[in-house]
Amino acid sequence: MNKRTPLFLKLLLYVLLIAGAVVMVFPFVWMISTSLKTVGAIAEMPPRIIPKPLDFSNYETVWNKVNFARYTLNSFIIVGLDMVGALISSSLVAFGLAMFDFKLRNVIFVVMLATMMVPGQVTMIPTYLIWKQFRVLDTWYPLIVPSYLGGAFGIFLMHQYMKSLPKELYESAVIDGCSPPGIFFRIYLPLSKPALSALGVFTFMGVWNNTVGPLIYLQTRSKYTLPLGLLFLKSENVNQALMMAGAVIITLPVVIVYLLAQKHFVQGIASTGLKG
Amino acid sequence: MHNQRHWGYIFTLPFVINVIVFLLFPIVFSAYISFTQYDLFNPPKWIGLTNWINVLKKQEFWLSMRNVSVFALIFVPIQTALAFLIAFLLNQAALRAKSLFRLFYFLPVVTPWLAAGVVWSWMFNYQYGVINWFLGLFGINPVNWLYHKSWVVVITSIALVNVWKGMGQSMVILLAGMQNVPQEVLESAQIDGASGWKQLTHIVFPIVTPMVYMVMILSTISAFQAFDVFLGLFGGITTGISEQVMVPNLTIYRDSFLLFKMGPASATAWLLFFVILAITLFQRYFEKRWVHYE
């Protein structure tokens, strides 16, 4: 369609896209709207989009009494530690695969791609048993340690990026007497910032939204992450306004991160087809 | 490439440990458990094929396979078709505010499943749900979307929520593919009198078929592994989800972490894996008929 496109086609284009966008966005509007309603107003018919009266007390209840303050802190700590781990380990391994010629290189590369295909439900039970052996059930270790060992997706992303950097960088650094770890930390890591930020965003989203992991490993309420906190609210059948306040709290940080890092995120998905 | 071999091993060591501890060992051990009776507290006892036979004999397994297949059959085509349509519309040169539209369509993808689940279950509410209220305006009787007597209604509702959540991701992949279609080709086709529909079916679609294929494979695999969508909508594994609408990943989780029947759970996990593998190979077989590579 270009400038000569008939007006009614252009109109149709906008009508379709706006109608679709309304369907996509409405659940968010409804989430926020319900979270600001009093118990009496929740079931009001016909439903109002702008609550009357506006009631912010649901947030206070969820934040303090249901302890979402704690869950939010927990989520941020785990996400932070996982991001550090994923960025360091994935780029280390990617550097090793991209720069050195060693016998098992191709084997490791193929295994890495294969790991993306092994379904989580097959490895889930033995992985649980490993952590049980280490006596770290009901701690955050099972949720954090693996990210320090490099993940296939992150390694793949970093590998493709480092491969695209000119080889002369490495060679001239060797001539200058720089050791491989020095080259990694002083040259390649700083140069990989675009790929690192993409991986950072993916890790944030993946860990923040993870429900199964915390569900399997955490029992003590004070160690819960936000998704578990919300699941707990839902299973307790509290009123909808409280639940929606919880849902807004858990959604807001990812939406902010997404808005700030939109470019990296969308490019990452488009180029790999995967989502962390 | 450099010949300092030992450095290669040093840098890749973390991942080698990862693969051995969290991949190879779990695969082997999971296969082993599936042939044993194991409850986490007593040592595993070898019982041969018993778990596999029992799982295959139980109606529950076939119910869950039926449900997840119907779920995928509803979810994958609708999601792919909508994602294709939206990507095509977003790719129109005449469109303004592209990135704003893309943002709206992509928002559900980044939303945590639990948040999406609680808001949709509230909108689906039989008495006070906004969806039934809206349909009521047109004189349509309220539907008990998530707790309907008919499992088809329930599975369809869940699949539609899944479409809402996942559509943006497929859309972004397809949009990236469509941006590879040279604008000049479309323009010259238009000058030659090709209608918008002809351009779509004869130029755009053939060029993006590899992306359509990838999107379909990825969403089929994710559909068969559905778990979070159920958890978010129903708020638990044992609460609220009737036997009639269970899917394999839910029974695997329940058997292992709530009932401590590790053997049957592992056997079910492997069976699910084989089903997914078979479907992926099947789709690959038909790939040649319609996917064009340059």
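Residues numbered from 1 in each chain as written. Chains lettered and ligands numbered in written order. Predicted model: local features only at pLDDT ≥ 70, side-chain atom pairs only at ≥ 80, totals over all residues.

## Quick word on unusual backbone geometry
Next, step 1: The residue after A:Lys52, namely A:Pro53, is reached through a cis peptide bond having omega -5°.
Next, step 2: Mapped onto the elements of the fold, A:Pro53 is located in the loop between helix 2 (39–42) and helix 3 (57–65). (Helix = DSSP H or I, 4+ residues; strand = E, 2+ residues; numbered from the N terminus.)

## Re the interface of chain B and chain A
Think of interface size as the accessible area that goes away when the parts come together; that is how it is often given.
Next, step 1: Listed by partner, the interface residues are 78 residues for chain B and 75 residues for chain A.
Next, step 2: For the side of chain B that touches chain A, the element with the highest residue contribution is helix 1 (residues 5–33) of chain B, accounting for 21 residues.
Next, step 3: Among the residues making up the side of chain B that touches chain A, the classes are represented as 57 nonpolar, 18 polar and 3 charged. (Contact = placed C-beta atoms within 7 Å. Nonpolar A, V, L, I, M, F, W, Y, C, P; charged D, E, K, R; others polar.)

## Overview of the domain arrangement of chain A
Residue and element names in this part refer to chain A.
Next, step 1: When cut into domains, chain A gives domain 1 (7–55) and domain 2 (67–272).
Next, step 2: Taken over C-alpha atoms, the centre of domain 1 sits 34 Å from the centre of domain 2.
Next, step 3: For the side of domain 1 that touches domain 2, the secondary-structure elements that each account for two or more residues are helix 1 (7–35) and helix 2.
Next, step 4: No other element matches helix 1, which puts 4 residues into the side of domain 1 that touches domain 2.
Next, step 5: Class assignment of the residues belonging to the side of domain 1 that touches domain 2 gives a composition of 4 nonpolar, 2 polar and 1 charged. (Domains from an automatic or database assignment.)

## Quick look at the packing of helix 7 (residues 151–178) of chain B against helix 9 (residues 196–224) of chain B
A pair of packed helices is characterised by two quantities: the angle between their axes and the separation of those axes.
All names here are of chain B.
Next, step 1: Between helix 7 and helix 9, the least distance of the axes is 9 Å, while the angle of their chain directions is 150°. Taken together, helix 7 and helix 9 sit at an angle that is classed as roughly antiparallel. Two packed elements cross with a definite hand, and for helix 7 against helix 9 that hand is right-handed. Judged by residue contacts, Gly 166, Ser 170, Ile 173, Leu 174, Gly 177 and Met 178 of helix 7 engage Val 204, Val 208, Met 211, Val 212, Met 214, Val 215 and Ser 219 from helix 9.
Next, step 2: In the contact of helix 7 with helix 9, the residues fall into 9 nonpolar, 4 polar and no charged. (Axes fitted to C-alpha atoms, helices over the stretch in contact; angles between N-to-C directions. Parallel < 35°, antiparallel > 145°, perpendicular 65-115°, else oblique. Left-handed = near helix turned anticlockwise from the far one by under 90°.)

## Some words on the nonpolar core
Nonpolar side chains in soluble globular proteins generally cluster together in the buried interior.
Next, step 1: A:Ala247, B:Phe71, B:Val119, B:Leu174 and B:Phe230 are the most contacted members of the largest nonpolar core, which has 150 residues in total.
Next, step 2: With 14 residues, the top contributor of residues to this core is helix 4 (residues 68–99) of chain A.
Next, step 3: What B:Phe71 contacts, discounting residues up to four positions off in sequence, is B:Ile155, B:Ile158, B:Ala159, B:Ala223, B:Ala226 and B:Val247. (Core = buried A, V, L, I, M, F, W, Y, C linked by C-beta atoms within 7 Å. Buried ≥ 20, exposed ≤ 12 C-beta atoms within 10 Å, placed from the backbone.)

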